[in-house]
Amino acid sequence: MDWDLGHYEHLAAQLRPAAEIVIDHLAPRPDEVVLDLGCGTGNAAMIAAGRGARVTGVDPSPRLLEVARATAAAGGLDAEFILGTAASLPVPDGSVDAIGSVFGVIFAPDPAAAAAEIARVLRPGGRLVLSAWLRQGALADQARLRGELVAGVRDESPGRGLFAWHDPGALAGLLAPCGFSVAMHDQALAFTGASPEAYADAELADHPGWVEARELLEPAGRWEHVRADLTQLFADANEDPGAFRITSRYVIATATM
């Protein structure tokens, strides 16, 4: 997915409560070196910097990094933002006290490489806290719908999906060989809007996955049906008859070396 597309900063603002929880669990101490992995617009980085940590955000999206830099400057926060990927972190060995990742590292194409890099850059006794969506609810259904539509146009089977960062056994199996022990806590995050239609329109306009999919679906004559299908998906899941609200469950995973 090309995270430069769309307006992910509008979606990232809705994830700030999860970033607060990730940083609460990370509990950075003043002057600790903290890495925000897959930082996007820098939600977690800003929170950690506000608590006195020395923060670096790493993300593969140049545009989102520019948004993060501008936000940090406007808030008078001292945080550095660097282009990079989870499989090749642009920081030295053993230079980081703690890593936070708010729905970031879960999109890494090579989870094993990401785990190895996390272990490489953390100091002995370092810690990782990440958030990962459960594979249920309207947001998961939305991702499945998008994947099925794209696969249909390409005349291929939907991909096997991302690594199961939310699954305790899978995550322990990934991180234990790198010397981590893992604990998990369940959380939930509400998303609200004026109506299912308005929320669907915002997702279609802002989400990089939908903007990227449109480039394929529209020439194939499939885009005109997407809004109706997505609106119905959100209407079926709506928890607020007078407006719009869905609740998405996720986990907070804490890994210590």
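One structure accompanies this document, and this report is about it. Note that the structure is a prediction, hence the values are computed from the model and not measured. For every chain, the first residue of the written sequence is number 1, and numbering continues from 1 onward in sequence order. Local features are withheld for residues below a pLDDT of 70 in this predicted model, meaning they are given only at 70 or higher, and side-chain atom pairs are given and counted only at 80 or more; totals for whole chains, interfaces and linings count all residues. Only heavy atoms go into the side-chain values, all of them from the structure, while hydrogens and water stay out.

1. Structural notes on the nonpolar core
Core analysis: the largest hydrophobic core is formed by 83 residues, its most contacted members being F81, I99, V105, W133, W210 and F234. The helix and strand labels rest on DSSP assignments: H or I over at least four residues marks a helix, E over at least two residues marks a strand, and numbering proceeds from the N terminus. Looking at this core element by element, the count peaks at seven residues for strand β7 (residues 244-256). To define a nonpolar core, start from buried Ala, Val, Leu, Ile, Met, Phe, Trp, Tyr and Cys residues and group those joined through side-chain atoms within 4.5 Å. Buried means the residue's accessible area, taken with a 1.4 Å probe over protein chains only, is under 20% of the maximum for its type, while exposed means over 50%, and partly exposed covers the values in between.

2. Overview of the sheet that holds strand β4 (residues 96-102)
Within a sheet, neighbouring strands are paired by backbone hydrogen bonds and run either parallel or antiparallel to one another. Pairing within the open sheet is mixed, and its seven strands lie in the order β3-β2-β1-β4-β5-β7-β6. Two strands in the sheet have a free side with no partner beyond their single neighbour: β3 (79-83) and β6 (181-193). Neighbouring strand axes in the sheet, compared pairwise and without regard to direction, differ in orientation by 20 degrees on average. DSSP bridges decide pairing: two strands pair if at least two such bridges lie between them. Taken together, the 13 bridges between β6 and β7 define a ladder with antiparallel strand orientation. Lines fitted to C-alpha atoms define the axes, with helix axes restricted to the stretch in contact, and inter-axis angles between N-to-C directions lie between 0 and 180 degrees.

3. A word on the side chain of S101
In this structure, S101 sits in strand β4. S101 gets classed as buried once you look at its relative accessible area, which sits at 0%. Polar contact is defined as a pair of N or O atoms within 3.5 Å, subject to the rule that within protein one atom must be able to donate a hydrogen and the other to accept it, and that residues adjacent in sequence are counted only when both atoms are side-chain atoms. Polar side-chain contacts of S101 include one of 2.8 Å to the backbone oxygen of L37. Those residues in contact with S101, other than ones at most four positions away along the chain, are V22, L37, V129, L130 and S131. We call two residues in contact whenever any of their non-hydrogen atoms come within 4.5 Å of each other.

4. What about helix α2 (residues 16-26)?
Considered for burial, the residues of α2 that qualify are A18, A19, V22, I23 and L26. For α2, the angular spread of buried residues about the axis comes to 135 degrees, placing them on one side. Here the buried face of α2 lies against β1 (33-37), α3 (43-50), β4, β5 (122-133), β6 and β7. After α2 finishes, the residue A27 shows a positive phi value of roughly 50 degrees. Here the arc refers to the directions that run from the helix axis out to each C-beta atom.

5. Comments concerning a nonpolar patch on the surface
Like-charged residues are merged into a patch within 9 Å and nonpolar side chains (Val, Leu, Ile, Met, Phe, Trp, Tyr) within 5 Å, provided each residue has over 30% relative accessible area and no salt bridge. Per-residue accessibility takes into account occlusion by the displayed protein chains alone, with areas from the Shrake-Rupley method and a 1.4 Å probe. Any Lys or Arg side-chain nitrogen located within 4 Å of an Asp or Glu carboxyl oxygen qualifies as a salt bridge. Together, M1, F107 and L162 make up a nonpolar patch on the protein surface, roughly 250 Å² of accessible area in all. For L162, the location among the structural elements is in the loop between α6 (138-154) and α7 (168-175).

6. Digging into the packing of aromatic side chains
Side-chain rings of Phe, Tyr and Trp, where Trp is taken by its six-membered ring, are said to pair if the distance between their centres is within 6.5 Å; with planes under 30 degrees apart they count as stacked, over 60 as edge-to-face, and otherwise as tilted. Enumeration over the complete set of coordinates arrives at 11 aromatic pairs. Consider the rings of F103 and Y250, whose centres lie 5.3 Å apart with planes at 75 degrees: the pair is edge-to-face. With F103 in the loop between β4 and α5 (111-121) and Y250 in strand β7, this pair connects stretches of sequence that are 147 residues apart. One exposure class covers both F103 and Y250, and it is buried. An aromatic cluster of at least three residues, connected via ring pairs, comprises F103, W133, F191 and Y250. Here, a charge over a ring means that NZ of Lys or CZ of Arg falls within 6 Å of the ring centre while also lying within 35 degrees of the ring normal. Here the basic side chain of R146 rests over the ring of W210, its NZ or CZ set 5.2 Å away from the ring centre.

7. Description of the pattern of salt bridges
Here the structure, examined in full by the defined rule, presents 15 salt bridges. When the shortest N-O distance is used, the salt bridge between R16 and E20 registers 3.5 Å. One end of the pair, R16, and the other, E20, are both in helix α2, four residues apart, so they sit about a helical turn from each other. Notably, a salt bridge pairs R214 with E218, separated by 3.1 Å at the nearest N-O pair. Several salt bridges share partner residues, and in doing so they unite R16, E20, D24 and R51 into one network.

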